[in-house]
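Structural overview
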Amino acid sequence: PSVTPESANGPKDDTLEPSGGAEAFKILSDSRDSGALFTKLDETDFSFPNEVAEQP
Amino acid sequence: LQMEEQPTSTSSSSMVGDAVKTMRYVMEKSGMDLLTVTQAFLKNSGDAEATLHFLQTGRRRDGYPVWSREDDLELQNYDESVRNKLIAKFGTENVEKRIAFRKS
């Protein structure tokens, strides 16, 4: 199964590896410490936005 | 998925570019922000379709739960009873996918 982006130049693979995902997150994030933020996301359990406490 | 054949030390620019496109696509389709989408990807072993379905419905299409930090720590335990517990919780295929994902 795969997610088909509307763009013809969509992703070739439907699976993000942690390394690729981390780099993509750094590109998309405006955080100055996106690496640490990515690690925190990895090390904490998922919760939908209304359950997440805002970062100070 | 042949994760063993993927490079593990560095990310190619095309792989990162594809990851950016995939994450943007899931953000657009789910209406969720970057942090939520990224974390959902991590907890769905990087599977884009599973992640999008999970974000849209609150559950995985295969009925199994998403991975927690505790599950990931238990995955590092090679004790047979612990592994069998994870297989009972996630299914054999999802456990194998998770092992490959964590190694990538």
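For the rest of this paragraph, the subject is the overall build of chain A. Counting its regular elements, chain A contains two helices and zero strands. Within chain A, the fraction of its 56 residues that count as buried is 43%. Carbon and sulfur atoms provide 48% of the accessible area of chain A, an area that totals close to 3,600 Å².

Here the focus is the packing of helix H2 (residues 34-43) of chain A against helix H2 (residues 34-43) of chain B. The interhelical angle for the contact between H2 of chain A and H2 of chain B, taken along N-to-C directions, is 50 degrees, at an axis separation of 9 Å. Classified by the interaxial angle, the pair formed by H2 of chain A and H2 of chain B is oblique. Where H2 of chain A crosses over H2 of chain B, the two elements pack in a sense that is right-handed. Only Leu35, Thr38, Gln39, Leu42 and Lys43 of chain B of H2 of chain B make contact with H2 of chain A, whose side of the interface consists of Leu37, Phe38, Leu41, Asp42 and Glu43 of chain A. For the contact of H2 of chain A with H2 of chain B, the class distribution of residues is five nonpolar, two polar and three charged.

With that settled, consider helix H1 (residues 13-30) of chain B. Count 3.6 residues to each turn of an α-helix, and residues three or four apart come out pointing the same way. Relative to the 26 Å expected for 18 residues at 1.5 Å per residue, H1 of chain B spans 25 Å between its end C-alpha atoms, a close match to the ideal helical length. Looking one or two places after H1 of chain B, you find Gly31 of chain B, whose phi comes out positive at around 75 degrees.

Here the structure, examined in full by the defined rule, presents eleven salt bridges over all chains. By sharing partners, the salt bridges in this structure join Asp42 of chain A together with Asp72, Arg98 and Arg102 of chain B into a single network.

The next subject is the side chain of Ser29 of chain A. Position of Ser29 of chain A among the secondary structure elements: in the loop between helix H1 (18-28) and H2. For Ser29 of chain A, a relative accessible area of 14% puts it in the buried group. For Ser29 of chain A, the contacting residues outside a window of four places in its chain are Ser34 of chain A together with Leu34 of chain B.

As a further point, take unusual backbone geometry. Positive phi values are uncommon outside glycine, yet Ser45 of chain B reaches one of about 55 degrees. Classification of Ser45 of chain B by relative accessible area gives buried; the value is 11%.

A word on the side chain of Arg83 of chain B. Residues and elements named next belong to chain B. Note that Arg83 resides in helix H5 (residues 80-90). Lacking a salt bridge, the buried Arg83 has Glu96 as its closest oppositely charged neighbour, with an N-O distance of 8.6 Å. Beyond its immediate sequence surroundings of up to four residues, Arg83 is in contact with Leu75, Asn77, Tyr78, Val95 and Ile99.

Quick look at the packing of H2 of chain B against helix H3 (residues 48-57) of chain B now. All names here are of chain B. Axis separation between H2 and H3 bottoms out at 9 Å; the angle between their running directions is 125 degrees. Accordingly, the angle class assigned to the pair H2 and H3 is oblique. Crossing of H2 over H3 shows right-handed handedness. Contacts between H2 and H3 involve Thr36, Val37, Ala40 and Phe41 from the former and Ala48, Thr51, Phe54 and Leu55 from the latter. Considering only residue class, the contact of H2 with H3 consists of six nonpolar, two polar and no charged.

Cut-offs and rules
Residues numbered from 1 in each chain as written. Chains lettered and ligands numbered in written order. Predicted model: local features only at pLDDT ≥ 70, side-chain atom pairs only at ≥ 80, totals over all residues. Heavy atoms only, no water. Helix = DSSP H or I, 4+ residues; strand = E, 2+ residues; numbered from the N terminus. Buried < 20%, exposed > 50% of the residue type's maximum accessible area, 1.4 Å probe, protein only. Areas by Shrake-Rupley, 256 points an atom, 1.4 Å probe, with all protein chains shown as cover. Axes fitted to C-alpha atoms, helices over the stretch in contact; angles between N-to-C directions. Parallel < 35°, antiparallel > 145°, perpendicular 65-115°, else oblique. Left-handed = near helix turned anticlockwise from the far one by under 90°. Contact = heavy atoms within 4.5 Å. Nonpolar A, V, L, I, M, F, W, Y, C, P; charged D, E, K, R; others polar. Expected span 1.5 Å × (residues − 1). Salt bridge = Lys/Arg side-chain N within 4 Å of Asp/Glu carboxyl O. Lys, Arg positive; Asp, Glu negative; His and termini not counted.

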